[in-house]
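# Fold and contact review
What follows is the residue order along each chain.
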Amino acid sequence: MLPWRAGAGERADPYRVLVSEVMLQQTVVKTVEPRFHMFVNRFPAVEALAAASVDEVLHAWQGLGYYRRARGLHRAAGEIVRNHGGHIPDDVETLEGLPGIGAYTARAIAAIAFNRPVVPVDGNVRRVLARLAAIDRPATKLAAPIAALARKLESDFRASDTAQALMELGALCCRPANPACGTCPWERCCRSRALGLETSLPRPPEKIRRPELFATAWLARRSDGAILFRRRPDEGLLGGLIELPSSPWCGTNAIVEPDFGTGFALLPGSVRHVFTHIRLEMRVMTGQCETHPDGFFHPPDGCSTLALPTLTRKLLRHAGLD
DNA sequence: CACCCGTGGTC
DNA sequence: TGACCAAGGGT
């Protein structure tokens, strides 16, 4: 039983279901759990979330990745308060109209929080259904037949439990590798099992290649010890988050001197970080700086109030800070 | 539709 | 250590 779910005979809090489902997008339960508790403690209801600033929400989202989700959730809260009287919509169509809520999340909220007879299809359910019906198609053409099958499974019978049970079946039994078919309630009606295809379906997608990029980060400290930071653009990678100034990320591994400050020296070693589509290696230079036109200074012991991506945390740690 | 968007756990 | 991958959405 997950902490944001309703117990037996209880009714799930739709706001908590909304927050948890957005956090769970491409993020495992174990990672989400502690972050969920922090988040709903800080923003206990949709009104509190809507009233918060984007920076507060990004800070609460720190380390979870896919930071666009935090912006979408914040905007969705605003729309829910403004257009829906502070009540989370209970129908798929309205939910899908909210920012950051797509086909899966809309159905997950409708089913889990409101017991609507819909079947949310996440990665687990996609795998369960692809195997059950032995749908042998490339990953890019799986969506339509899976959605059609999911519609046929819609039922008024305990829709909330059914939705969670399907996902759990995929996570615990119908696993990507080493599926535990012997314990599966659907073993005898599974087409893949009958055909001996249970481990070869669904077909794995082509693997991605990450280009390797390099950059130099500049850790500049003012005479009072404050550190120079800058804010990234709202759109794109790590949108709106705070980082150390650095050279542009490029394909050649060269140390780049800053065009500001004084006394910069290279730290030994480097920091590696892997994004969805980029592999990055950064060197760190430390030096002094008193003013900067684009950045801002922040005391080192107050970094906990900034929305720093994990890359920046690694860089600070590499320099012996944080 | 292909591509963009993070991170931490696991093997 | 590296590849894989997870309760996806937006463009």
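Below is a summary of the structure that appears in this document. (Residues numbered from 1 in each chain as written. Chains lettered and ligands numbered in written order. Predicted model: local features only at pLDDT ≥ 70, side-chain atom pairs only at ≥ 80, totals over all residues. Heavy atoms only, no water.)

### Things to note about the overall build of chain A
Counting its regular elements, chain A contains 12 helices and 7 strands. Judged by the C-alpha coordinates and their principal axes, chain A covers about 70 × 50 × 30 Å. In chain A, which comprises 322 residues, the share counted as buried stands at 46%. Contacts spanning at least 24 positions in sequence make up 65% of the contacts within chain A whose residues lie at least 6 apart. Counting only carbon and sulfur atoms, one obtains 52% of the accessible surface of chain A, whose full area is about 16800 Å². Side chains of chain A carry 40 positive and 33 negative charges; the gap between the two charge centres is 7 Å. (Helix = DSSP H or I, 4+ residues; strand = E, 2+ residues; numbered from the N terminus. Buried < 20%, exposed > 50% of the residue type's maximum accessible area, 1.4 Å probe, protein only. Contact = heavy atoms within 4.5 Å. Areas by Shrake-Rupley, 256 points an atom, 1.4 Å probe, with all protein chains shown as cover. Lys, Arg positive; Asp, Glu negative; His and termini not counted. Charge placed at Lys NZ, Arg CZ, Asp CG, Glu CD.)

### Some points on the packing of aromatic side chains
Under the defined criterion, the tally for this structure stands at 6 aromatic pairs. Judged by centre distance (5.7 Å) and plane angle (15°), the ring pair of tryptophan 249 and phenylalanine 275 falls under stacked. Of this pair, tryptophan 249 sits in the loop between β3 (242-243) and β4 (262-266) while phenylalanine 275 sits in the loop between β5 (271-274) and β6 (279-288), and the two are 26 residues apart along the sequence. Overall, tryptophan 249 belongs to the partly exposed group, its relative accessible area being 22%. The buried category is assigned to phenylalanine 275, whose relative accessible area is 11%. (Phe/Tyr/Trp six-rings, centres within 6.5 Å; stacked < 30°, edge-to-face > 60°.)

### Focus on the nonpolar core
Of all hydrophobic cores here, the largest spans 88 residues; its most connected members are Tyr15, Phe39, Trp61, Ile88 and Ile109. In terms of residue count, helix α7 (residues 103-114) provides more of this core than any other element does, 9 residues in total. Setting aside chain neighbours within four positions, we find phenylalanine 39 in contact with Tyr15, Val19, Met23, Leu49, Val57, Ala60, Trp61 and Leu73. By size, the runner-up hydrophobic cluster in this structure holds 9 residues, among which are Trp218, Leu228, Phe264 and Cys289. (Core = buried A, V, L, I, M, F, W, Y, C linked by side-chain atoms within 4.5 Å.)

### Quick word on the protein's contact with DNA strand B
Taken together, 18 residues lie around DNA strand B, and Tyr66, Tyr67, Leu238, His273 and Thr310 are the ones closest in. Take the atoms of DNA strand B that sit within 4 Å of the protein: sugar and phosphate atoms are 56% of them. Here tyrosine 66 contributes a side-chain N or O atom positioned 3.0 Å from a base oxygen of DNA strand B. Considered class by class, the residues forming the surface near DNA strand B number 8 nonpolar, 10 polar and no charged. (Near = heavy atom within 4 Å. Polar contact = N/O pair within 3.5 Å; in protein donor to acceptor, adjacent residues only side chain to side chain. Nonpolar A, V, L, I, M, F, W, Y, C, P; charged D, E, K, R; others polar.)

### Remarks on the pattern of salt bridges
Pairing is possible between side chains that carry opposite charge, provided their charged atoms lie close to one another. Taken as a whole, this structure holds 14 salt bridges when the rule is applied. Taking the shortest distance from any N to any O, the salt bridge between arginine 116 and aspartate 90 comes out at 3.3 Å. Residue arginine 116 is found in the loop between α7 and α8 (123-132), and its partner aspartate 90 is found in the loop between α5 (68-83) and α6 (92-96); the two are separated by 26 residues along the sequence. Across the pair aspartate 161 and arginine 158 runs a salt bridge whose closest N-O atoms are separated by 2.8 Å. By relative accessible area, which is 38% here, aspartate 161 ends up partly exposed. Within the structure, one salt-bridge network assembled from shared partners comprises Glu187, Arg193 and Glu198. (Salt bridge = Lys/Arg side-chain N within 4 Å of Asp/Glu carboxyl O.)

### Topic: the protein's contact with DNA strand C
In the vicinity of DNA strand C there are 24 residues, among which Leu2, Gly100, Thr105, Asp122 and Asn124 approach most closely. Backbone atoms, meaning sugar plus phosphate, form 70% of the atoms of DNA strand C positioned within 4 Å of the protein. The contact in question runs from a phosphate oxygen of DNA strand C to an N or O atom on the backbone of glycine 100, over 2.6 Å. Within the backbone of glycine 123, an N or O atom sits 3.1 Å from a phosphate oxygen of DNA strand C. Contributions of two or more residues to the surface near DNA strand C are made by α7 and α8. Here the surface near DNA strand C gets 3 residues from one element, more than from any other, and that element is α7. Along the lines of polarity and charge, the residues of the surface near DNA strand C split into 11 nonpolar, 7 polar and 6 charged.

Any link to function would need more than the numbers given here.
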